[in-house]
Amino acid sequence: MMSSTESEHLIEKAAQIIRRSKFLIALTGAGISAESGIPTYRGSEGLWRRYRPEELATPEAFQRNPALVWEWYRWRMEIVFSAKPNPAHKALAELENIGILKCIITQNVDGLHQEAGSKCVVELHGSIRRIRCTNCNFKLHLSKPPEETLPRCPHCGSILRPDVVWFGEPLPKEEWEKALKLVGQCDCMLIVGTSGVVMPAALLPFLAKDRGAKIIEVNIEDTPITRIADISIRLKAGEALTKLVTFLKNLRD
Ligand code: APR
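It should be emphasised that the depicted structure is a prediction, and the values quoted were computed from it without experimental measurement.

About the cut-offs
- Residues numbered from 1 in each chain as written.
- Predicted model: local features only at pLDDT ≥ 70, side-chain atom pairs only at ≥ 80, totals over all residues.
- Heavy atoms only, no water.
- Buried < 20%, exposed > 50% of the residue type's maximum accessible area, 1.4 Å probe, protein only.
- Helix = DSSP H or I, 4+ residues; strand = E, 2+ residues; numbered from the N terminus.
- Pairing = 2+ DSSP bridges.
- Near = heavy atom within 4 Å.
- Polar contact = N/O pair within 3.5 Å; in protein donor to acceptor, adjacent residues only side chain to side chain.
- Areas by Shrake-Rupley, 256 points an atom, 1.4 Å probe, with all protein chains shown as cover.
- Nonpolar A, V, L, I, M, F, W, Y, C, P; charged D, E, K, R; others polar.
- Domains from an automatic or database assignment.
- Expected span 1.5 Å × (residues − 1).
- Contact = heavy atoms within 4.5 Å.
- Disulfide = S-S within 2.5 Å.
- Phe/Tyr/Trp six-rings, centres within 6.5 Å; stacked < 30°, edge-to-face > 60°.
- Lys NZ or Arg CZ within 6 Å of the ring centre and 35° of its normal.
- Core = buried A, V, L, I, M, F, W, Y, C linked by side-chain atoms within 4.5 Å.
- Buried area = accessible area lost by both parts, 1.4 Å probe.
- Salt bridge = Lys/Arg side-chain N within 4 Å of Asp/Glu carboxyl O.

**Some words on the pairing of strand β6 (residues 160-164)**
- By the criterion of burial, β6 is predominantly enclosed, with five of the five residues buried.
- Of the pairings in the sheet, the one linking strand β4 (residues 126-133) to β6 comprises five bridges and is antiparallel in character. Bridge pairing in β6 links Ser127 to Asp163.

Now the structure itself:
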């Protein structure tokens, strides 16, 4: 574990790099929502420690047993709808608000960046707050999980599904293109709370690095991104990003 002075020094260095950057973007993963009580996927408490993704998060699983998949997503929706943005989400919203952060590319489906006030959010893996028809282009934003065991489309009667990207499915084309454009423009990428193992999202830090962008990682453990990071801060996202905003605001004044 990093000493507090060591991590403070790294956060200060990160603030100086960000201060000099012209186009800062963020890439976030489940770790940024961990302090909001939303389970991550990997790691000791991760969802994939307790559940098998091939039974719950693939088109085949939904085809085979839609009621089971819906039961699992209703459980996850309950957690998300009762969760609140944590200081890490708020810190990124503040960085956007003061004109330092241009946009967030997130792998998360919990919508907490938007709840925290972030305006530019690219959801690579969709949103658990939306459901869509498996047959027509009906979509619906939810404020709570659907009551029915198998929600049906009001337009065509087909089964509805969570509007998230399952394993084996392509990312939404528009979102992926937006992400690539942002990576093409950025000179600094702040990567928070991702294990960096799920493609194609995990490619983005490497594409940014290849373009000469500075890479700053915030994670409680090493990841495949750590070796290309200019700075890697071993702190929880809430503490690291709150301190980062403080340093950046002091650098401005
Ligand atoms: N602060 C910072 N980092 C944290 C914290 C925290 N409080 N808690 C956990 N982490 C880190 C873990 O060390 C891990 O590296 O967050 C990361 C979470 O990794 P994953 O659970 O793999 O989540 P993610 O990288 O977002 O997964 C990518 O996989 O299952 C799919 O579609 C799903 O979007 C998800 C994708």
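**Details of the site of the ligand**
- As a structural note, the neighbourhood of the ligand is formed by 21 residues, with Tyr41, Arg42, Thr194, Ser195 and Asn219 the closest of them.
- The backbone of Gln107 places a nitrogen or oxygen atom 3.1 Å from an oxygen atom of the ligand.
- Thr194 has a polar side-chain atom sitting 2.7 Å from an oxygen atom of the ligand.
- Burial of the ligand by the protein chains amounts to 93% of its free accessible area of 740 Å².
- Here the residues of the shell around the ligand sort into eight nonpolar, nine polar and four charged.
- When residues are assigned to domains, the shell around the ligand turns out to be shared by domain 1 (1-38 + 85-125 + 171-253) and domain 2 (39-82 + 128-164), each giving three or more.

**Thoughts on the environment of Lys178**
- By the secondary structure assignment, Lys178 is in helix α8 (residues 173-185).
- Remark: the alpha-carbon pair of Lys178 and Val122, spanning 56 residues in sequence, is separated by 7.3 Å.

**Quick look at helix α1 (residues 4-20)**
- With 17 residues, α1 ought to run about 24 Å at 1.5 Å a step, and its terminal C-alpha atoms sit 24 Å apart, in line with that.
- Structurally, α1 contributes buried residues whose contacts are with β1 (24-28), β7 (188-192), β8 (214-218), β9 (231-233) and α10 (237-252).

**A closer look at the state of the cysteines**
- For the structure on display, the rule yields one disulfide.
- Covalent S-S linkage joins Cys103 and Cys120, the inter-sulfur distance amounting to 2.0 Å. The sign of the S-S torsion, about -80°, decides the handedness of the disulfide formed by Cys103 and Cys120: left-handed. Residue Cys103 is located in strand β2 (residues 101-106), and its partner Cys120 is located in the loop between α7 (112-115) and β3 (121-123); the two are separated by 17 residues in the primary sequence.
- Given a relative accessible area of 29%, Cys120 falls into the partly exposed group.
- Here Cys133 stays free of any disulfide, with the sulfur of Cys156 as its closest cysteine sulfur at 3.5 Å.

**Looking at the environment of Gly126**
- Within the fold, Gly126 resides in strand β4.
- Sequence separation between Gly126 and Glu55 is 71 residues; the distance between their C-alpha atoms is 19 Å.

**Side note on the packing of aromatic side chains**
- Scanning the entire structure with this criterion turns up eight aromatic pairs.
- When the centroid spacing of 5.6 Å and the interplanar angle of 35° are considered together, the rings of Tyr41 and Trp48 count as tilted.
- For Tyr41, a relative accessible area of 21% gives the class partly exposed.
- Residue classification places Trp48 among the buried positions, given a relative accessible area of 17%.
- Here Lys102 stacks its cationic end above the ring of Phe23, 6.0 Å away from the centre of that ring.
- Lying across the ring of Trp166, Arg161 places its NZ or CZ 3.8 Å from the centre.

**Comments concerning the nonpolar core**
- If you look at the biggest cluster of nonpolar residues, it comprises 31 residues, and the most contacted ones within it are Leu92, Leu190, Ile233, Leu241 and Leu244.
- Of all elements in the fold, only α1, β1, α6 (87-97), β2, β7, β8, β9 and α10 reach the threshold of two or more residues within this core.
- The element that contributes the greatest number of residues to this core is α10, accounting for seven residues.
- Contacts of Leu190, omitting those with residues within four sequence positions, involve Leu24, Ile25, Ala26, Leu27, Leu92, Ile216, Val218, Leu241 and Leu244.
- Phe81, Val109, Ile159 and Leu160 belong to the second-largest nonpolar core, a separate cluster that totals 27 residues.

**Side note on the domain arrangement of the protein**
- Each assigned domain of the protein is listed with its residue range as follows: domain 1 (1-38 + 85-125 + 171-253) and domain 2 (39-82 + 128-164).
- Taking only C-alpha atoms into account, the centre of domain 1 sits 27 Å from that of domain 2.
- Taken residue by residue, the interface counts 15 residues in domain 1 and 12 residues in domain 2.
- Both faces considered, domain 1 and domain 2 share a buried interface measuring about 970 Å² in area, 59% of it formed by carbon and sulfur atoms.
- The largest per-residue losses of area from domain 1 upon contact with domain 2 belong to Ala30, Ile38 and Val109, which jointly make up 47% of the total buried on that side.
- Joining domain 1 to domain 2, the criterion identifies two salt bridges.
- Arg129 serves as the salt-bridge partner of Glu115, at 3.8 Å between the closest nitrogen and oxygen.

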